[in-house]
Amino acid sequence: MASQDREDPVQELIRQYLPTETLSEARNLVHRFQEGEAFKLYVLRRTWLVIPAGLVILMVSLACAAATVLFLAGGGSWLALPAFVLAPFILIGSLFVQLYVFFSWLESRALAQAFRRRARPAQGAFASWLAKRTGADLGTLPRVPWILAAVVLLAPLAMLTVVAVKVALLLIPLALLTPVLYALFDR
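What comes next is a walk through the structure. (Residues numbered from 1 in each chain as written. Predicted model: local features only at pLDDT ≥ 70, side-chain atom pairs only at ≥ 80, totals over all residues. Heavy atoms only, no water.)

1. So, the nonpolar core
- By size, the foremost hydrophobic cluster in this structure holds 20 residues, and its most contacted members are F102, L106 and Y182.
- Counting only elements with at least two residues in this core, the list comes to α2 (20-35), α3 (37-45), α4 (47-74), α5 (80-114) and α8 (165-185).
- It is α5 that provides the largest number of residues to this core, a total of five residues.
- Sequence-distant contacts of F102, defined by excluding residues within four places in its chain, comprise V50, A53, I57 and Y182.
- Ranked by size, the runner-up nonpolar core spans 17 residues in total, among them V56, A63, V97 and L160. (Core = buried A, V, L, I, M, F, W, Y, C linked by side-chain atoms within 4.5 Å. Buried < 20%, exposed > 50% of the residue type's maximum accessible area, 1.4 Å probe, protein only. Helix = DSSP H or I, 4+ residues; strand = E, 2+ residues; numbered from the N terminus. Contact = heavy atoms within 4.5 Å.)

Listed below in structure tokens is the structure:
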């Protein structure tokens, strides 16, 4: 009997488009935080930096949920119910994506510090410019679950720019600057 060399197409689609791998990685990240002394100690010693970053993450998630409701309900009363049903999923999903990426980034910083080595510098012109000008090293940037991020974070942020431009112009740059400010204060 010949063994199957290829994965079942349905399983391949599930693995590719559902965030099962990301959920598993997030569970592993939580376990590493609970069991790993270096990671936990790093975060606890920087609570004064982690809390403001967490508040920015929470504000972005709340804005994403609200923008989804306002955008869809503005399209007609028949979209109001789906908008309200979708909002908690957007809130939880955007919180999940942001916290996953942020704590993955913190873990790489903690490991670099624990092993007394410099993290691999972030790639790109902006990261190089930032490190040269301010001394803030963003370090190794984490893997982003782009499909999930596009659905629960980027699309709602695009909706936010449509329904509340001033809020978007304040909140999006603040969210993008949060890791930069964190790196500036964490030297």
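2. Side note on the pattern of salt bridges
- Enumeration according to the criterion identifies three salt bridges in this entry.
- Measuring nitrogen to oxygen at the nearest pair gives 3.0 Å for the salt bridge that ties R109 to D186. Of this pair, R109 sits in helix α5 while D186 sits in the segment after α8, placing them 77 residues apart in sequence. Each member of the pair, R109 together with D186, is buried.
- Several salt bridges share partner residues, and in doing so they unite R46, R109 and D186 into one network. (Salt bridge = Lys/Arg side-chain N within 4 Å of Asp/Glu carboxyl O.)

3. Concerning the packing of aromatic side chains
- Within this structure, the stated rule accounts for seven aromatic pairs.
- Both rings, one in F33 and one in F39, keep their centres 5.3 Å apart while their planes meet at 85°; by these two values the pair is edge-to-face.
- Residue classification places F33 among the partly exposed positions, given a relative accessible area of 24%.
- Between the aromatic rings of W105 and Y182, the centroid separation amounts to 5.4 Å while the plane-to-plane angle is 65°, which identifies the pairing as edge-to-face. Here the residue W105 occupies a position in helix α5, and Y182 occupies one in helix α8, the gap between them amounting to 77 residues. You'll find W105 and Y182 in the same group, each marked buried.
- A connected cluster of aromatic rings, assembled from ring pairs, spans F102, F103, W105 and Y182. (Phe/Tyr/Trp six-rings, centres within 6.5 Å; stacked < 30°, edge-to-face > 60°.)

4. Observations regarding a nonpolar patch on the surface
- Together, W48, L177, L181 and F185 line one region of the surface with nonpolar side chains, adding up to about 440 Å² of accessible area.
- Ranked by residue count, the leading element in the nonpolar patch is α8, at three residues.
- Tracing the backbone through its elements, the reader meets F185 in helix α8. (Patch = residues over 30% accessible without salt bridge, like charges linked within 9 Å, V, L, I, M, F, W, Y side chains within 5 Å. Areas by Shrake-Rupley, 256 points an atom, 1.4 Å probe, with all protein chains shown as cover.)

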